[in-house]
Amino acid sequence: MHQKIFLLGVLLTLTFQIAEAQGVSVKRLPFCKKNQSEIAPMVYDSLLYFSSDKNVKWLNKPIDQDNNNFYNLFTIQQASDSSWMDERQYEQEYFSPYHTSTIAFYPEFNEVFFTETQYKNKQRLAKNSDNLHGVFVANMDNKGMSRAQSLPFNSRRSYNTAHPTLSSDGQYLFFVSDQEGGYGQTDIYVSERDGDSWGPAMNMGPAINTEGGEVFPFYHQSGKLYFASNGHAGEGGLDIFYTVRTDEGWSTPVNLGNSINTAANEFSCYISADGQSGYFASDRAGDDDLYEFITLFPVFGQATKQKENTFTYRFYDTMGGKGDGPLKYVWNFGDGQTAEGDTVIHQYKQPGNYHVQSLLVDTIENVELFVLNDFYQEVKKKVQVYITSPDNVRVGEPQTLDALESNLGDFEPNGFYWELPDGTRQKGVTIQYVFRTKGKQIVRCGTISKDDPNLKMCTYKEINVIE
């Protein structure tokens, strides 16, 4: 496919200003210039990295086969007063002048991953006007960067690979390719690290990839994989979505909604560690520019899968009583129920503080000989935000979701905040919601401590939506 899907997406021309929707403030970064493109933001060591087609040479500057400037990597720093300093081309002498874009870092191994044209010689490039992109890796230390290594799933003649991003543990590398056998124009693939090498490219499947284009994945430390797509239902053009890995695979992608996405193209995002802010690219003002978003609605990172309150306990004799022959154990659980045996399982119906006894009984005389164990069992709900909802719902039917059964322990909540499958958010201990898409849908509910806004608790629940 054409090279530009790896850099620009589909071009539309619309004009938007600073927006606030669903508690999100969005503004265009002031250093973005008219008639030039800035894309692929990444923050590392307090620097904002991005790719741009701005002029880096005024004489004898290289251009591609469509007479467009090539993309190069830049860095820029934000001052303490929030103003932006002058941008600088990143490692100008190291990277090729013929398209270098999308960079990712893995600090633990001092690794730098990036997208670059596969030929770095101008003569070879002229002979290969449809020069293909590849994903490369280099090591970086205080002496500079090592020689870049082409990753094994690249191809110099058949297809593109681009847009690397790594899982938090560095074990998985996600990227984009237009190789044969995919689901659409470009698909997202993943490769697993195997010692000092990388495994084969594995397509992430039809839950994520469509007949359209999926581009610019970004793996967030919360476990969310963000990406842009024009194949999933959205606001128009390329929209930004996210998916999370569940027990049954990757979840149905969630559109970030009209707080971020518009009828134009939104793509290539970076999300801060706390999920409250970040950057993305959009052509909503006519050129590809970088935008900053700040979430005014609380954002929760890693959520815990909801555990059901079974109130089930295992009781066993701690006094070493003898239960042989005519003697037997009898347990009184304090809720009107009894059981026999030295070890028993009992399920309470509700929380409470129950007086439990185990007795040694002579079955011949039917006489209680003595009490073996005597204690109070406190039965509590698990400490978690608890989402009460049906496990199975129908598309289009209004549902009531609540967090009334939550047990937060000593945690005093400052409201409950919901993240819903369509990307919308609501606040309240009880909410109303209509599921619009069938399949496994994930609902998240979190709360923030009244005493410390940095203390958060969040749970997710999978709900099966049927037609």
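Owing to the predicted nature of the structure, the values given are computational and were not obtained by experimental measurement.

A. Up close: the confidence of the model for the protein chain. For the protein chain, per-residue confidence averages 87 on the pLDDT scale, and residues scoring 70 or more make up 88% of the total. With pLDDT under 50 throughout, residues 1–21 is counted as low confidence; its partners more than four residues away or in other chains account for 67 contacts.

B. Highlighting the pattern of salt bridges. Throughout the structure, instances matching the rule amount to twelve salt bridges. A salt bridge links Lys224 to Glu419; the shortest N-O distance between them is 3.6 Å. Residue Lys224 is located in strand β18 (residues 224–229), and its partner Glu419 is located in strand β34 (residues 413–419); the two are separated by 195 residues in the primary sequence. Comparing Lys224 with Glu419, the two get one shared label, buried. Ionic contacts of the salt-bridge type, sharing partners, join the residues Lys224, Glu419 and Arg444 into one network.

C. The UniProt feature "domain: PKD" (unreviewed entry) in the protein chain, seen in detail. If you check UniProt for "domain: PKD" (unreviewed entry), the listed places come out as residues 326–357 in our numbering. For residues 326–357, helix accounts for 0% and strand for 62%, while the C-alpha atoms at its two ends are 20 Å apart.

D. Quick look at the side chain of Thr262. Mapping Thr262 onto the fold places it in the loop between β21 (254–255) and β22 (266–271). At 2.8 Å, the side chain of Thr262 forms a polar contact with the side chain of Glu266.

E. Inspection of the packing of aromatic side chains at higher detail. Tallying each qualifying case throughout the model produces 31 aromatic pairs. For the ring pair Tyr433 and Phe435, a centre distance of 4.8 Å and an interplane angle of 85° mean the geometry is edge-to-face. Members of the aromatic cluster, joined through ring pairs, are Tyr44, Tyr49, Tyr90, Tyr94, Phe95, Phe105, Phe114 and Phe136. The cationic tip of Lys456 hangs over the ring face of Phe300; the distance from NZ or CZ to the ring centre is 5.7 Å.

F. A look at the sheet that holds strand β6 (residues 88–89). Judged by pairing direction, the sheet is antiparallel, and its four strands sit side by side in the order β3-β4-β5-β6 without closing on themselves. Edge positions in the sheet fall to β3 (38–44) and β6, since each of these pairs with one other strand and no more. Of the strand pairs in this sheet, β3 and strand β4 (residues 47–52) are connected by five bridges, and their pairing is antiparallel. Each residue of the ladder has a partner; that of Ile39, found in β4, is Ser51.

About the criteria used
- Residues numbered from 1 in each chain as written.
- Predicted model: local features only at pLDDT ≥ 70, side-chain atom pairs only at ≥ 80, totals over all residues.
- Heavy atoms only, no water.
- pLDDT = per-residue confidence, 0-100.
- Contact = heavy atoms within 4.5 Å.
- Salt bridge = Lys/Arg side-chain N within 4 Å of Asp/Glu carboxyl O.
- Helix = DSSP H or I, 4+ residues; strand = E, 2+ residues; numbered from the N terminus.
- Buried < 20%, exposed > 50% of the residue type's maximum accessible area, 1.4 Å probe, protein only.
- UniProt positions renumbered as here; feature names shortened; annotations may be inferred.
- Polar contact = N/O pair within 3.5 Å; in protein donor to acceptor, adjacent residues only side chain to side chain.
- Phe/Tyr/Trp six-rings, centres within 6.5 Å; stacked < 30°, edge-to-face > 60°.
- Lys NZ or Arg CZ within 6 Å of the ring centre and 35° of its normal.
- Pairing = 2+ DSSP bridges.

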